[in-house]
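The primary structure of each chain is shown beneath.
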Amino acid sequence: MEKLLIDQDITTAATLPASFYKSIEYFELSKEKVFANSWQLIEAAGNVQQAEDVFPFNLLPGFLNEPLVLIRDHSSTLNCFSNVCTHRGNLLVHHPGKYRKLTCNYHGRRFNIDGRFESMPEFSEAKDFPRACEDLHKVAAIEWNGFPFISLQPEFDFNNVLSIMDERVGFMPIDQFEFRSELSREYLVNANWALYCDNYLEGFHVPYVHPDLNKVLDYKQYKTILYDYCNLQVGVGDDAEECFDLRENHVDYGNKIAAYYYWIFPNMMFNFYPWGLSINIVKPLSIKQCKVTFLTYMYDESKYDKGAGALLDKVEREDEFVVENVQRGINSRFYTSGRFSPTREKGVHHFHQLLSKFFNR
């Protein structure tokens, strides 16, 4: 397998080779090298809001398939643990709900909701028991405005990413946004997960692929800001469109901002509009298929069908058409890699550099 090398100088750099998107080996390695070492939003849908709330889930089904459980302890702190009993590997919690103790339905091993081993029948004669490893394995968890994030083996401090988002959208009452299941969607995209991210990470295609979106954004002022493990695309609107009402102390005060598009490595997008928030999670399924979950959180419904945040389903379908065509195109015998636009594809270059870093370390 060839080493991924992305030149740090975007003016001379080439994109990831086509082989990356077609390789089962890269796809399998990404589980441990990329996804196990980064952060994921857990779609708990309000199931862990109060003390003793417990929510079992499978992390990235069909890909990582890691059984975990979110638990709000007695002090209302949110924790995450392995959902596997430390005796014989049985799944411990099967249904969300309120629990004072966690008891395995196989042999009766019991745990406190802080993950500590408490008791086990028929083990009175066992020597050197219990050991520290009898406790449930604890997984890194961070909560931001009611959104739970976890990482199996965190490679970077997620609080830094959250601080970056707070700089621009912290003025919004995000913890009061209302989840709207009827406005949320799942899309099955016949393309490699990384191709979907490539497309999201640049506004270069907007005038060509999204005619309606292009009408409400000022393409000349569209810009990308890079950070260590995330980046931001700032969509500037015009006077006729719905834009944020920014205060004087805001970093973008005086500009007509129609949207903030945050991408978090490797597969999460947080899209803030005057009406609220659309979260996109790209979930790998195979080297040529992914599932994209759209989660809608409403703040001001009167603005929902206006500006850059309108017609999201149409924009998604337009993106799918292009990305699926790229998936077909990279299988050509004649395509190997491309070059980056230094002015318009900084986000894609950033993503490819991060993939290179995580695969090669």
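Calculation rules
- Residues numbered from 1 in each chain as written.
- Predicted model: local features only at pLDDT ≥ 70, side-chain atom pairs only at ≥ 80, totals over all residues.
- Heavy atoms only, no water.
- UniProt positions renumbered as here; feature names shortened; annotations may be inferred.
- Salt bridge = Lys/Arg side-chain N within 4 Å of Asp/Glu carboxyl O.
- Buried < 20%, exposed > 50% of the residue type's maximum accessible area, 1.4 Å probe, protein only.
- Helix = DSSP H or I, 4+ residues; strand = E, 2+ residues; numbered from the N terminus.
- Pairing = 2+ DSSP bridges.

In the nomenclature of an unreviewed UniProt entry, the protein is known as Ring-hydroxylating dioxygenase, large terminal subunit of Solitalea canadensis. According to its UniProt record, the protein has this under Cofactor (unreviewed entry): "Fe cation".

Chemist: Is there a simple way to explain the pattern of salt bridges in this structure?
Modeler: Opposite charge on two side chains makes pairing possible when the charged atoms of those side chains draw close. Inspection of every chain in the model, using the stated rule, returns 22 salt bridges. Residues arginine 180 and glutamate 182 are paired through a salt bridge, measuring 2.5 Å at the closest nitrogen-oxygen approach. Accessibility expressed as a relative area gives 44% for glutamate 182, which makes it partly exposed. A salt bridge links lysine 314 to aspartate 212; the nearest nitrogen and oxygen atoms lie 2.9 Å apart. Here lysine 314, found in helix H7 (residues 312–329), pairs with aspartate 212, found in helix H6 (residues 211–216); they are 102 residues apart in sequence, far enough to count as distant. On the basis of relative accessible area, aspartate 212 is assigned to the partly exposed category, the value being 29%. Residues participating in the shared-partner salt-bridge network are Asp212, Lys215, Lys314 and Glu318.

Chemist: I tried to follow the pairing of strand S16 (residues 268–273) on my own but got confused; where do I start?
Modeler: Within a regular strand, side chains alternate between the sheet's two faces. The buried fraction of S16 is high, at six of six residues. Along S16, one buried face is formed by Met268, Phe270 and Phe272 and the opposite face, lined by Met269, Asn271 and Tyr273, is buried too. In the sheet, strand S15 (residues 257–264) pairs with S16 via five bridges, with the strands oriented antiparallel. Its bridge partner being in S16, tyrosine 262 is matched across the sheet by phenylalanine 270. Where S16 lies against strand S17 (residues 276–286), six bridges are found, and the strand directions are antiparallel. If you follow asparagine 271 over to S17, its bridge partner there is serine 278. Between S16 and S17, which pair antiparallel one after the other, the connecting turn spans two residues.

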